[in-house]
Structures are given as C-alpha cells and as structure tokens.
Amino acid sequence: MSKKNTPPKEKINIGRDLAYMIVLPMALSALSQKKRRKYKSQSSNIYENLLCLKNSLDNFFITSTKKNSEEYKQQLYRKILVEKLILNIAAGKNSEIKQNLEQIMKDEGLKFVEKEESLISQEEKFLIKTEFHGISHYPSKEQLSAYFQNYIKDGNEKAPSSYTELDYVLDNIPSWKYFKQFASFKKRASIFAKALAEKGLPPQEIQNLNAYDMVAIFKNYNQKHDIPNFETAKSKFIKYFISHHEADYRAYMQENKAVILYALRNKGIELDIKKNHHAYEEFVEKNIILMKSKGCVPPLFNIHHKHPVKDSKTEENLSMANSPKNLCLILECPYHNMLHLFDTNVLGKTIFNRKVKRVELPHGMIFFGGFSRKFQIYRQNENGYSDILAQMINNKQNQK
Amino acid sequence: MQELINCLKNLPLMLTVKPASAEQIIRTQQDLKINQIAMLPQAFAQLLHQINTIEYDGSYLFGINPRSYYLDIFAENEMLNLPDKENLLILGYDEFDYLAYNQTEDCYQIIDKDSFAVLQRFSDLEQAIKYLFKMEDDEQYF
C-alpha cells in the first residue's frame with residue numbers, strides 16, 4: 001500500500017473484513033426477503049450459517065490481547081454491532097437491519113452527510129454519462145430537438161453542403177457551454193464543426209440544436225470517417241489507478257484472497273483452486289492486464305462517484321464529476337450497494353429547499369476494498385499545493 | 001441472439017455462472033408474482049438457460065443466484081425502491097441507468113437511475129443488452 005500521504009493503517013488480520021463479506025450480503029439479502037417462498041424453505045439453513053458465524057465472531061473481530069485497552073474495547077464494540085445485525089437478520093427485522101448497517105458504517109469511519117440539493121439538467125447529466133461511457137449508441141429519436149428531427153425527416157442532411165467548419169461558432173449552440181467543460185469534447189471542437197458542415201446545417205440555425213443532436217451528429221461523422229472514439233473517463237480512471245497503484249492493488253488482492261474468493265462465491269463462481277493452484281493468481285494477473293491495456297473495470301468492482309452525478313452543479317465545471325478525484329474503485333457487493341442503500345432526498349426547511357443524504361467517502365480515497373484502512377488506497381500527492389511546492393523546492397535544493 | 005450470447009461468453013474475464021435451471025426460473029417467476037413485480041419476459045428466461053448473470057466493465061445483467069442477493073433478479077428488484085413495480089422488472093444496470101422490461105408496453109427500456117426517465121426503448125432484448133454493455137450500434141436515423 002502507498003506509504004505517502006496515506007492515513008495511518010491499523011494492524012489487523014483479514015478476519016474482520018471476511019466476517020463483513022459473509023454477513024453484509026446476508027443483511028442486504030434479508031432486506032429484500034419479504035414474501036419469498038425460497039427464503040422460507042431455506043431459512044433453517046441460513047439460520048444455521050448465521051449461528052455459526054455469530055459463535056465465531058470473537059475469532060474474526062478480537063485480535064487485541066489487552067482487555068483494558070482502547071483497541072480491545074473498539075473491537076468488542078464492533079463485534080457487538082455485528083452480533084446485533086445477525087440477530088436481526090435471523091429475526092427478519094428489516095428496519096433494524098438498516099439501522100445496524102448504518103451504525104456499522106459510521107463506526108467504521110464512513111460519514112453520512114446532508115447537503116443542499118443541486119440538481120443538474122438531463123442534458124448536463126447526459127454529457128457526464130457520455131464522457132464516462134463513451135458514445136456506443138445514438139441518442140433516441142425522442143431525445144433529439146424538434147428542429148433536428150424535422151431536419152432529418154426532410155432529408156436535408158443528405159443534400160450536398162456548401163458550408164465549411166469555419167462557418168460555425170459553436171458558442172452559438174446553447175449546450176456547447178456544457179460540452180466545452182469536458183476536455184474530451186473541447187479538444188474535438190473542430191470535428192464538431194466539420195460534422196455540422198457535413199450535415200449542411202445552416203450556421204444561423206444551430207442555436208436550435210440540443211446536446212443529443214450534437215452527440216448524434218458527432219458520432220455519425222466519426223463513424224463515417226473512421227475516427228476512433230475518444231478514450232472514456234472510465235477507462236482513463238482505471239488506467240490512472242493501475243499505473244499509480246499497481247503495487248497496492250496487487251498487495252490488496254493477495255492479502256485479501258480469502259475475502260475475494262468469498263465474494264466470487266457469493267456471485268456463484270468457484271475458482272478451481274484444487275485443480276489449478278494458480279487459478280487465483282492467474283485471475284488477478286488477467287485483471288491487471290485488462291486494466292492496463294483496455295482500462296476495464298475488474299470483476300467484482302465498480303466505479304463510485306463520490307460526489308453524486310445528480311448533484312454535480314458546482315462552481316467548478318461539470319467534468320469534475322468524472323475526474324479521478326471524484327472516482328473510487330469499490331467492491332460492488334456489498335460496499336457499493338450499501339453506500340447507495342442510504343441515498344435519500346429529504347425536504348429542507350421550506351418546499352424550495354431540498355436536501356440529500358449521502359454516504360461520503362473520504363477525500364483522496366481512490367480504492368475501497370473493505371472497512372479496514374489496510375484495504376483502502378488513497379491518492380498519492382493528495383497534499384495541498386503548498387506541500388507540493390515545498391517538495392519541489394526540496395528536490396531543487398537536493399539537486400544543487 | 002445466439003451470436004450475441006457467444007459474444008458475451010467470450011468477453012474478457014467473463015466468469016461463468018452455472019446456467020439457471022427450469023425449476024429455478026419457475027420459482028423466480030412465482031416469487032415475482034407473489035411480490036407483485038413484473039414477470040420475466042420469455043426472451044430473458046430463455047437467455048438464463050445459457051447465461052446466468054453477466055458482469056463486465058461496470059455493467060451488470062441479473063440472473064438467478066441462489067447463494068446471495070447479489071445479481072439475483074428477484075432480490076435486487078425487491079430491494080430497489082422503484083415506482084410501478086407491477087409493470088417494471090429491472091434486468092440489469094450500469095453506473096447511471098437501469099435496463100428494465102416494461103410488461104405493459106412489452107418492451108425493454110433504459111431508465112435513468114435517479115429520475116426514472118425513460119431514455120431509450122427497444123423492442124428486442126438483444127438490442128437492449130448491446131446498449132447495456134456498450135456494444136457499438138449502427139446508425140439509426142441518418
């Protein structure tokens with residue numbers, strides 16, 4: 001794990017995280033069991049598993065030998081929280097389960113925040129999505145502006161065009177103010193203009209175009225001219241993560257093998273470790289190769305937007321939503337699911353003042369593989385500008 | 001559809017889960033019905049016989065998972081706080097959107113996770129899955 005600028009990590013074995021990997025998906029599962037017949041038929045089996053886990057909690061949670069130490073008290077408290085959760089799962093008390101989960105998350109250092117809601121428009125969100133995932137599909141016809149729908153309907157875009165890219169001032173398109181906040185689009189301004197020219201859109205009418213029209217025109221131009229797609233924010237983030245934190249990620253996957261194998265099992269996948277002793281190592285290696293070459297999100301993980309996309313209207317620009325600072329690679333089950341379990345919108349003091357409740361991951365966190373600090377990775381150079389400046393001055397002095 | 005299934009099976013790092021049995025599918029249909037959630041469309045039920053859950057590059061297609069709630073179509077739908085559950089069955093998701101089957105309209109829809117706005121409509125499952133897994137489509141209206 002990176003030593004620089006990382007919060008201190010406690011010495012801990014993986015027991016606690018393994019216990020969470022067993023019990024938290026069960027808790028989330030229990031939240032969804034209302035009238036399920038299968039659950040009823042399997043409930044004795046689940047109960048036995050829970051009882052077995054409850055009886056082993058000491059082994060999972062208590063590592064401190066000094067019974068009066070703060071560390072011991074904290075471990076005991078965590079164990080009691082999980083014990084409570086197990087009892088509530090067994091009793092099927094859904095509202096208590098949710099409360100227990102919240103308590104566990106708070107105790108493990110996650111913050112619940114309430115903020116003013118600052119919603120973004122559908123067009124703004126569409127551009128955040130487009131930058132994140134790329135443009136694999138055309139927007140639906142209903143999303144296009146009435147102006148552009150008519151333009152296509154009349155077959156105007158097929159007629160020879162007398163315009164060139166120089167005829168277009170993109171700032172005349174209302175949604176361009178959103179596009180140009182993203183480097184991926186801003187860099188391709190001339191392609192957008194060429195695409196408009198090719199479609200023969202009268203420059204004096206481009207103020208009628210919306211963001212969906214623009215993306216459709218852009219995609220069509222790229223397809224026609226074999227222009228490769230821009231690299232998505234998702235892929236860039238994964239490549240950034242693995243290039244900066246490969247050693248940390250490898251260490252996590254190695255030290256956390258039991259938890260990852262359990263997570264795979266939760267998904268219904270058994271790696272055949274008995275037949276192939278290196279099956280797990282090969283799985284990890286293939287992950288890393290794909291992360292490096294294609295920027296693929298590794299199995300079992302997902303990317304979490306720390307500051308939610310739907311509340312991305314800030315003084316800064318929209319593209320901050322997809323910046324590596326705002327993204328975190330996280331184990332999908334149970335942690336990512338748990339974070340979103342508590343997303344709620346609540347009324348503020350007046351009807352115009354809406355608030356949102358969210359779980360907030362710490363600033364600088366780039367990887368969340370478990371509650372233990374040991375299984376979290378923080379961005380390097382997370383220091384402020386002054387620290388970086390001081391470091392540069394130091395380096396220069398050393399060179400002299 | 002078979003071409004798409006083969007393509008999905010060959011996705012890099014595609015970890016295969018045992019295909020769902022007829023008994024599991026019938027039980028899931030019953031669970032959905034008892035809980036007043038839209039039932040599995042036929043094309044999706046057929047798909048489950050060949051591919052049971054897909055996870056690739058941050059996109060997920062549900063299946064039947066007897067071990068956990070995770071990616072289990074019934075459990076995931078039960079947990080989601082969605083309007084119009086009797087008509088809507090969520091089949092999968094990515095970071096921003098759900099892939100849903102709309103029983104009343106007999107079509108597949110891409111729905112925004114926050115606003116529940118319908119963003120895209122597809123008449124067949126193949127197109128909808130291609131959208132979810134970001135497989136390039138051809139030009140539609142030019």
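What counts and how
Residues numbered from 1 in each chain as written. Chains lettered and ligands numbered in written order. Predicted model: local features only at pLDDT ≥ 70, side-chain atom pairs only at ≥ 80, totals over all residues. Heavy atoms only, no water. Phe/Tyr/Trp six-rings, centres within 6.5 Å; stacked < 30°, edge-to-face > 60°. Buried < 20%, exposed > 50% of the residue type's maximum accessible area, 1.4 Å probe, protein only. Lys NZ or Arg CZ within 6 Å of the ring centre and 35° of its normal. Helix = DSSP H or I, 4+ residues; strand = E, 2+ residues; numbered from the N terminus. Expected span 1.5 Å × (residues − 1). Contact = heavy atoms within 4.5 Å. Salt bridge = Lys/Arg side-chain N within 4 Å of Asp/Glu carboxyl O. Pairing = 2+ DSSP bridges. Buried area = accessible area lost by both parts, 1.4 Å probe. Polar contact = N/O pair within 3.5 Å; in protein donor to acceptor, adjacent residues only side chain to side chain. Nonpolar A, V, L, I, M, F, W, Y, C, P; charged D, E, K, R; others polar.

Focus: the packing of aromatic side chains
All names here are of chain A.
Alright, step 1. Applying the stated criterion to the full structure yields 33 aromatic pairs over all chains.
Alright, step 2. Here the aromatic rings of Phe 241 and Tyr 249 are separated by 5.9 Å at their centres, their planes lie at 85 degrees, and the arrangement is edge-to-face. Each member of the pair Phe 241 and Tyr 249 is classed as buried.
Alright, step 3. Linked through ring pairs, Trp 176, Phe 179, Phe 182, Phe 185, Phe 192, Phe 218 and Phe 230 together constitute an aromatic cluster.
Alright, step 4. Lys 219 extends its terminal NZ or CZ atom over the ring of Tyr 138, reaching a point 5.3 Å from the ring centre.

Some thoughts on helix H10 (residues 211-224) of chain A
Owing to its 3.6 residues per turn, the α-helix brings residues three or four apart onto one side.
Residue and element names in this part refer to chain A.
Alright, step 1. Taking 1.5 Å of rise per residue, 14 residues should cover 20 Å, and H10 covers 20 Å from first to last C-alpha, within 8% of that figure.
Alright, step 2. Burial of H10 is extensive: twelve of the 14 residues sit out of reach of the surface.
Alright, step 3. Within H10, the full set of buried residues consists of Ala 211, Tyr 212, Asp 213, Met 214, Val 215, Ala 216, Ile 217, Phe 218, Lys 219, Asn 220, Tyr 221 and Asn 222.
Alright, step 4. Elements in contact with the buried residues of H10: helix H5 (122-133), helix H6 (146-153), helix H7 (176-179) and helix H9 (189-199).

Overview of the pattern of salt bridges
Alright, step 1. Within the structure shown, the criterion is met by 28 salt bridges over all chains.
Alright, step 2. Across the pair Asp 114 of chain B and Lys 125 of chain A runs a salt bridge, and its minimum N-O distance is 2.6 Å. One end of the pair, Asp 114 of chain B, is in the loop between strand E5 (107-112) and strand E6 (118-122); the other, Lys 125 of chain A, is in helix H5, on a second chain.
Alright, step 3. Close ionic contact of Lys 374 of chain A with Glu 255 of chain A constitutes a salt bridge, the shortest N to O distance being 3.6 Å. One end of the pair, Lys 374 of chain A, is in the loop between strand E6 (365-368) and strand E7 (376-378); the other, Glu 255 of chain A, is in helix H11 (residues 233-255), with 119 residues separating them in the sequence.
Alright, step 4. Exposure remark for Glu 255 of chain A: the relative accessible area of 36% places this residue in the partly exposed category.
Alright, step 5. Salt bridges sharing common partners tie together Lys 125 and Lys 129 of chain A together with Asp 97, Asp 112 and Asp 114 of chain B.

Section: the pairing of strand E2 (residues 301-305) of chain A
Residue and element names in this part refer to chain A.
Alright, step 1. Burial analysis of E2 places five of its five residues in the buried class, the great majority of the element.
Alright, step 2. Burial of the side chains of E2 extends over both faces: Phe 301, Ile 303 and His 305 are buried on one face and Asn 302 and His 304 on the other.
Alright, step 3. Where E2 meets strand E3 (residues 327-331), five bridges bridge the pair, whose relative direction is antiparallel. When the bridges of E3 are listed, His 304 appears paired with Cys 328.

Focus: the interface of chain B and chain A
Alright, step 1. Each side of the interface is counted separately: chain B has 51 residues, and chain A has 68 residues.
Alright, step 2. Here chain B meets chain A over a buried area of about 5,300 Å², counting both sides, of which 53% is carbon and sulfur.
Alright, step 3. For the chain B face of the interface with chain A, the top three residues by lost area are Phe 96, Tyr 141 and Phe 142 of chain B, together amounting to 16%.
Alright, step 4. In this structure, the connection of chain B to chain A is made through six salt bridges.
Alright, step 5. Residue Asp 112 of chain B is joined to Lys 129 of chain A by a salt bridge in which the shortest nitrogen-to-oxygen separation is 3.2 Å.
Alright, step 6. At the boundary of chain B with chain A, the tally comes to 19 residue pairs in polar contact (both at pLDDT 80 or more).
Alright, step 7. At the level of elements, helix H2 (22-34), strand E1 (54-56), helix H4 (73-79), E6 and helix H5 (125-132) of chain B are the ones that each hand at least two residues to the side of chain B that touches chain A.
Alright, step 8. Of the residues contributing to the side of chain B that touches chain A, the split by class is 22 nonpolar, ten polar and 19 charged.

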